[in-house]
Structure formats: C-alpha cells, structure tokens
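# Fold and contact review
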Amino acid sequence: MEEKRNLNSPGLDRPKLNRSGSITSATNHPPRSNSNPKLIAKHQQQLYEESKNKRSQDQQKQSTNQPEDPTAQLSSLKFENDKEKDQALLWAFLASYLPEDKSSLQKEFVKHVEYTLAQTKSECTDFSSFQALSYCTRDRLIERWKDTKLFFKQKNVKQVNYMSLEFLLGRSLQNSLSALGLVGKYADALMDLGFKLEDLYDEERDAGLGNGGLGRLAACFMDSLATCNYPGYGYGLRYKFGMFYQTLVDGEQVELPDYWLNYGSPWEIERLDVSYPINFYGKVSEVEDENGNKVMKWDQGEQMLAVAYDYPIPGFKTYNTVAIRLWGSKPSDEFNLDSFNRGDYLGAIEEKEKSENITNVLYPNDNTMQGKELRLKQQYLFVSATIQDIISQFKETGKPFSEFHNFHAIQLNDTHPTLGIPELMRILIDEEKKSWDEAWDITTKTFSYTNHTVLPEALEKWSVSMVENVLPRHIMIIYEINERFLKIIEKKWPGDMSKRRALSIIDESDGKFIRMAFLAIVGSHTINGVAYLHSELVKHDVFPLFYEIWPNKFQNKTNGVTPRRWIQQSNPQLAELITRSLNSDRWLVNLDIIKDLVHLADNSSFQKEWMEIKRNNKIRLAKYIEKKCDIQVNVDVLFDCQVKRFHEYKRQLLNILSVINRYLDIMEGKKVAARVVIFGGKAAPGYYMAKLIIKLINSVAEVVNNDPKVGDLLKVVFIPNYCVSNAEIIIPASDISQHISTAGTEASGTSNMKFSMNGGLIIGTLDGANIEIRDAIGHENMYIFGARSEEVNKVKKLIHDGTFTPDARWTRVLTAIKEDKFGPHEQFQDIINSVSGGNDHYILSYDFGSYLDIQNSIDQDFKDKAKWAKKSIMASVCCGKFSSDRTIKEYAEQIWGIEEWKRPGPVPVSNEEARSLLVPPQSGSPNDINAISIERLSPLTFVKQTSASPLSVISGDKNNNSIKPKQTTKGFNIGGQPGNPTN
C-alpha cells in the first residue's frame, strides 16, 4: 500500500539521523576548526563525533525557540525595509512548491505536452508522454535541488566532490517518482488521460554515461549521498554517444554508436552560464610577476570550453536532492568566419568538431596514438573543469585557501581523475600565487583515492612524452612531486636504488611513463580498497612499499548497492512482501532490518510466496529473452546467470566450457538437470580475446539450442547490450549467478550483492566481496570452488612448468572445440592456446574440476524445493550490510569528514496567509500557493540567529570584500544588494 505523504512530512525517517535542519538554526552552527587534521582515520572519526555532539547540543538549545505556526515563521523574517521583504516574499510565493493533487498533476502533464513538446492529444505518443512526465518530474527535482544547494550554503557545510569518468545511471523516471513518493498518484492521474505509467517507463533509454561496475557504483553512491542527506556533488563527462550499443552479427559483437541523446535528455539542465576554459599544448616559460618573483607562465596552443550539464539526483523520502555535474566540450570560438569567407567551409567548423570529439565517446579506443591522446585530453578536460568549478564555489565563502579542505573533499574514483592533483597544484601556484608547500598541504588534505583493481596491467600509465606535449605545465609539476617524494624514499632507505625505481612516479623500465596510481597515492591523504580481501591485497601485494611508508593512509570500504533501485524498483513484488512481512518500509533506508525475516526462512507459506515471486520474475525474463533473442525457455528449470563486463579474469570462458561439458553429457545419454544459462556483457572494442569468447558463446548456443536431442534440458542465451534496465529484469529472475573470477583478481564486484539481495544464490570463488557475502549469509548458502588467492601463484607455476594434470573433463571439452563441433576450430585457436601449453594465466584448467563438481551440487540442491527456498531467503535477508548507504556513511565519517544535513522541507502556506503577509495585502496575486521554501526567501544572503527574532535575514557583505570567483552563475538579487552568486 502506498504511504500517504504531504509536503510537511516527507515520509519515514532514517534512524539516528543527525537532524541539523531546523528553520531557526539556519547558520547558528559550530565554527570550523582551523587546526590541521591528521590523516589517520581514528582522528577523523574523533573530529566527526565531536562536531556531531556539538551540533546535537545546539539543536536542543534552538528547539525551544522554533515557532510552530507557519505564518509566525514567515512574519518573523526581518528585512531592511518593507519593499525588500515584499519582493522576497512575493518571489517565494510565486516559486511555491508544486502541488501533488490529482488535478494539478494532470494539468502539469498536459501543459508540458502542449507547451514544452508543442503537441496536442492526438499527436501525443507514449514516447512524448514519457518526455512530458519526465519534465514534470524534473520540475520537482529542480525545486528541491535548488533549495538543497541554498540550504547547504546557508549552513556553511563541507561537501564531497565525487569524481568519476562513469555514472551508469540507467533509467531515471521510475527511480525519481519513487523517491518523490509519486508513483501511485501519477499512475492514477495518467490513467484518466489514457496512459499507463508502466508503458511510459519502457520508453526511456538508458543514459550512456558508463559501462561497468565502476559507473554503477558511482550511481549508487550518488543515490545514497542524497538519501543519507550528505552534501555532495558528482562530477563526470557528458558523453554524446556513450560507450557503444552492442549488437550481434553471426555471433560476433558489433559496436554501434549509442545514440542515447538523439532526442535529448529531459533530465539534464544545460548550464551555459557555467563554463571554463581548458588549455592544451603550447609552451611554459619562466617570467617575472609584478613583484619581481619568478613564476611559470603557460602559453597554451589550443583552448576550448567545458560547459556544465546538471543531473539532479533525488534522495529517497527526504527533501535533499544533489546533482551530478557533467562536462561537455565546446570550442572557444564556435565558427571561424574568416575561413568561411575564404571559401574554406569545412575549415570554418573544423575547430568545433575537433573540440566536441573529446566528449563524444566513453573510453575512445586507445590502440592508436591519436586514441591515446584523445583519452588524455578527455581526462584533463574532466579534471580541469571540475577543479575550476570547485574553486569557484569555494571562493564564494570568502575563506582563505588554508581552509579549502574544511569545505571540500575530493574523491578520485579510480585513477582516471588523478590529473586533478597536478591541476589543483597548478592553479594554486600559478594563479593563486601560493608557495609549493602551501599548495601541497592544501592538495594532500583534499584528495582521497579509491583503487579498483589489483591487476598490474590495469593500473593506468601515461607516456611522459605525450603529457609533455599535451600538458607541458603539468609534467613539470609531476616531476617536482616525484623529486620531493623520492627524497622521502632516500631518507627512509638511504642509497637503495631498487626501492627508488620501484616507487618512483616515473617508470623508466621500458620507456618513460607516469604511474597514475602512484601519483594518486602520493597526492592523497587516504587510499581505500573496495572489499576486505582487495584492501589487503592493495596493502601487501599491489602497493606494499607505499603501505610500509604510510600505513595509516590505507583503509577498506566494502562496496554496496542501493536497495531502492535493486530491490524496490527492479523487484517490486519482493519489495512488497518484505514490507508487508516487516509491517514497515523502513528497510529501504536501513537495509539491516530485513534480517528480522530470518525466522521466516523455514516457514512453508513464506517460502511458497517467495518462490512464486521468483517464478513471476522468471516469466518476465523469459518474455524478454523471446523478444530480444527469439529463444523460448522453460521457466520451471534453473536459471543460471553471468552478466558483467567481459574480461578474461572474470572467466566467462570457464562458464561456457562447463556448458560444453553439460552438452556432451547430454549427447552421451547421461541424466542431466535442466538449465537455462544466460550470458550478458560488453567487451571493450579493442579487446580481441574477450570478443572472441563472445563469439564462442554464441557458436555454442547455436548448436545447443537447435539440437533436438537437447530440448529443454539446456538452453544458452546471450542477451545483447547488457545495461542497467535489462539488469533490472535479469537479476530478480536468477536462481544462481556466477561470480567466478580467479581468486585475487576481482576488487569487489557489486552484481554479486544485487543477485543475493534478490534471492539469487551465488556460485563463486573466494574473491572480492564474495567472501564477505558468504560470511554474512552463511557458508551453506553460497557455492564456493577453486583455488584461494594465496594458492594462485603456486598453481600458475605448476601449470607453467607442465607438472599439473588437468581434469579429464577439461581435455574432453577442448577436444570438442578442436573437432569443429561448434564451428571451424581455427577461429577459436587463440582461445585454446590461451589455456594450453602452460599459458593458462587465470588457472581455468586447475579450477575446472571443482567448478563442475559444485555445479553438480547445485543441480541436486535445486531439486529440494524447500531447501532451495530457504537458501534463497537467507541469501537475501542477510545482505543488509551491502547497502550503499552503509558504504557512504563509512566514507563520510572516516575519509571525507562530512556530516548529514537534512533539509526541513517547505513551509505550508495558504493563499490567504500569503496575501496577508504582503505589504500592502494582495487580493489578486499570488494564487495556488502550496508550500514555500525558507531557503528561497534569501538565496543570496546568509541567515543568523538574533535575540530579537528566531530568524533574521541579513544582507551580505556590503563592502563586497569577499574573494570573487572567476566565473559564477547569476542568481536574483534582493533589494539590489550584492551577495554570493549561486552555481
């Protein structure tokens, strides 16, 4: 049943919230400490707790002074004169919150169809209806987002800036309506107009802003930042075409442009008023400044603009809304008129096209030098625009740069944004005239770095010569950072050249390359892994010498996923069952409480309903498979899913080889349990071996699915173009999911968490987050096989030396491929070579036997319906730890040092009350007032407590002495007084 909501009561409250948002305490908060914080987590936690306790005491003092009557709250506002007050109130009333009654919802919808899309009812399709509804929803997100920004400014809060090249958002409409609590209301309102809400959901195309787990993690984190009421911004790039749209031709992956922006995006807000110059190439020279000091001057050879596009991200059942700011590239000069007039028509627009190429595609193919340079420019545009934007926001506070880290934390999501470290140094030294030591102190107190890989080949490196050419000032800064760092190495290990070579940011072992992970570690105050095993490997295997130097820098932050999308939205029937069984939906913001359902795991009625929901989800997936793949599957057999980015270490090859073994058993007449094996995922365009494995999977599927001897005993399905929206169909339907990377290679994984939350059992190695999931749900509820991480190197040596004898079933499977059972074996010879003759880097041959044995155990357990149902229930209800809300809290408290700031929400005001507050009272305007925002009454001022009034609005610095940002967004100015512009 949908919860009734009103604007003064946004729904359920999170337990133990730090409620810092009373109207009467707008800026009466503890002063910020100017002391230098230690980098260790213990001290950061102490600071957090002290600040939290102080704010709690302040709230208790203020609570007795808070007026309860909305009119009293508004009439108590004090302005310098009646005219200023009347203007401010009138603006706030005219910008009152949109009402949620049925008639208003319908009116807004029709208005957007008629006036935004310029269509009539007869022209209105499901797609245009989706657009109109999205615009309606965006309007509500914008009003909350603007007020959240003002609220944070008035509170003078510290915010995190989460830098990620990927944000795999998926579809936004359903998620946004759910967060706003408007799903039921809009479903009812649209039904009268002849539209089904569910049909409109399907019209939305996934945003092409990411590829794999890195981007989906970032999206979950933004959802949790908003829901947990933390101040934050996401920063990324606005890709015009995304990664690519995957289709299959003769079983091979073919990449097509992902035209996700063909019809625009109703969610993005183009900010032409927020743009920054980005420079490339040129030369650096030493010059004297006006004071006679030697300074570096970068004369760029090429300049373009980074333009902001904002995507509001709503919190669930809170008024807090944050945003992701994405940068698009544009030329500094749109059109060269001189070239045009000379008849060079193509040359006239060449610069425009050249600059826009930078943000056209996510991860441009870097198999060529041009591709590598494009990637480098892409990353620099991203970090430069972001750092300039953060500094612009900071300058609005008027604080000295020594307090920069007290207002901004910057999180590097993997090494892609690492150029932000030398970019911040460049701006502080060259533009803000800070000394090196001052700039380095600010930088290292601001940045933190999340590592996402233990694979040496995946640790990003950039050619020194390329960086020298494209970013000549930055290579100088990087060299200086390295030189100063190597002095630390020399002091710790005098004369040890091997340590010096091993730790140098500049790798000279094979040419000259910049080790970006090393730069991130040296320039950050905290480094974290994303699962316990991964973090231990980071400390002891990947960066052991750095850990020896700075042990207190390293932490673990196990990943999580948002239950709002991955249970409530993707599996609504299961969400309803959980809510009904708990008699509460508080689990959506406190997932730990679903463990209260453990006692129902043996309840036969509960098991029956649980498995009926699972079957309904399998029916939904079966229909999707038939539509997309033209394959019919039996929903009463085991659904076995492996959907993720294709990479050799993730071992999709191990899975398809086991499918071949199962097929051969069927051909030999052995009794085999029926199964549907489902694959999905993209291979990088330049990753030959991964694409060849996709070809093998589809070749096996072609044979198996068309063999009359097999029938329903085995089906193999490859779902093309794996993305968030079809993951929401696949994941709830799985009986078993495969997370079978070679132990010690997967950082964490998050799809394992999603599958488990939805009652899908896991078959996996002891790798990444599998270990922590197993500990949480019970060892008996996960199927583990294969070598452990500490055994892998020994196994590799056995294979390489030829002293390991593989399982006979392994030999049989490879022989079947060589015998052309799945097409000419020559096309798969490279796959065979990669796992033969001592070349089995990911030890598939070693793990194959135990993998097949555990698969047989799964087949046997699936026959026992009660046993399987209990396992499924336990896998789900014991997964509370893996909510991204928990992860974000740990980052906030132990790395970023930010606090929860929950907005109180708008004040309900009637038309009569509004008119009575205006001077003189208005009779005809404003109309249709619902509720207004206290924050909007004074967007360009700060608010402080006075003895005369519970709330007084004080004009900004009349002398205008605050440091001005170089570029700001204009806000409205009450009474002509200067103030801080709002981005």
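Residues numbered from 1 in each chain as written. Predicted model: local features only at pLDDT ≥ 70, side-chain atom pairs only at ≥ 80, totals over all residues. Heavy atoms only, no water.

## Considerations on the UniProt feature "modified residue: N6-(pyridoxal phosphate)lysine" (unreviewed entry) in the protein
Applied cut-off: UniProt positions are given in the numbering used here, feature names are shortened, and annotations may be inferred rather than shown by experiment. Only DSSP runs of H or I covering at least 4 residues are called helices, and only runs of E covering at least 2 are called strands; the numbering of each starts at the N terminus. Residue contacts are defined here by distance: any two heavy atoms, one from each residue, within 4.5 Å place the two residues in contact.
Under the local residue numbering, the UniProt record ascribes the feature "modified residue: N6-(pyridoxal phosphate)lysine" (unreviewed entry) to Lys754. Examined against the element boundaries, lysine 754 turns out to sit in helix H29 (residues 751-757). When neighbours within four sequence positions are excluded, lysine 754 is seen to be in contact with Arg216, Val561, Trp566 and Ile731.

## Section: the environment of glycine 849
Following the sequence through the fold, glycine 849 ends up in helix H34 (residues 844-863). Residues glycine 849 and glycine 786, spaced 63 residues apart in sequence, show a C-alpha to C-alpha distance of 8.6 Å. With near-sequence residues (within four places) excluded, glycine 849 lies in contact with Asp807 and Arg809.

## Some remarks on unusual backbone geometry
Positive phi outside glycine occurs at lysine 317, with the angle close to 55 degrees. Here lysine 317 lies in the loop between strand S8 (302-314) and strand S9 (321-331). Despite not being glycine, aspartate 414 has its phi angle at roughly 75 degrees, a positive value. Topologically, aspartate 414 is positioned in the loop between strand S10 (408-413) and helix H15 (420-431).

## Regarding the sheet that holds strand S19 (residues 714-719)
The condition is simple: Only strands that DSSP links by at least two bridges are regarded as paired with each other. To get an axis, fit a line to the C-alpha atoms, keeping to the stretch in contact for a helix; angles then go from 0 to 180 degrees between the N-to-C directions.
Read across the sheet, six strands follow the order S19-S18-S17-S20-S21-S22 without closing on themselves; strand pairing throughout is parallel. Every interior strand has two partners, whereas the edge strands, S19 and strand S22 (782-784), have only one. Here the average twist between neighbouring strands, direction ignored, is 20 degrees. Bridge count for strand S21 (residues 761-764) against S22 is three bridges, and the pairing is parallel. Looking at the pairing, isoleucine 763 lines up with tyrosine 783 of S22. Along the sheet, helix H27 (residues 688-705) contacts strand S18 (675-680) and S19; its crossing angle with S19, the most-contacted strand, is approximately 140 degrees. Strands in contact with helix H35 (residues 865-877) are strand S17 (638-643), strand S20 (736-739), S21 and S22; relative to S21, the strand with the most contacts, it is inclined by about 85 degrees.

## Description of the sheet that holds S10
Reading across from one edge, S5-S8-S9-S2-S1-S10-S11-S15-S16 is the order of the nine strands in this open sheet, with mixed pairing throughout. The two strands at the open ends of the sheet, each matched to only one other strand, are strand S5 (269-280) and strand S16 (554-556). Taken pair by pair, the neighbouring strands of this sheet meet at an average axis angle of 25 degrees, ignoring direction. For strand S1 (residues 159-163) and strand S2 (residues 232-237), the ladder comprises four bridges, and the chain directions are parallel. Note on S2: the bridge partner recorded for methionine 163 is tyrosine 235. Against the sheet, helix H5 (residues 126-155) makes contact with S2, S5, S8 and S9, and its axis sits at roughly 100 degrees relative to S9, the strand it touches most. Sitting on the sheet, helix H36 (residues 884-896) is in contact with S1, S10, strand S11 (447-450), strand S15 (526-529) and S16, with an inclination near 120 degrees to S10.

## Topic: the environment of glutamate 288
Secondary-structure assignment places glutamate 288 in strand S6 (residues 283-288). In this structure, glutamate 288 is in contact with Asn293 and Lys294, ignoring residues within four places of it in sequence.

## Regarding the pattern of salt bridges
Selection criterion: Take a side-chain nitrogen of Lys or Arg and a carboxyl oxygen of Asp or Glu: if they are within 4 Å of each other, that pair is a salt bridge. Think of it in three bands: residues with accessible area under 20% of the maximum for their type are buried, residues over 50% are exposed, and the middle band is partly exposed, with areas taken using a 1.4 Å probe on protein chains only.
Overall, the coordinates contain 55 salt bridges when judged by the stated rule. A salt bridge links aspartate 585 to lysine 317, with the shortest nitrogen-to-oxygen separation between them at 2.8 Å. Remark: lysine 317 occurs in the loop between S8 and S9 and aspartate 585 occurs in the loop between helix H24 (572-582) and helix H25 (604-629); sequence separation between them is 268 residues. This pair shows no difference in class: aspartate 585 is buried, exactly as lysine 317 is.

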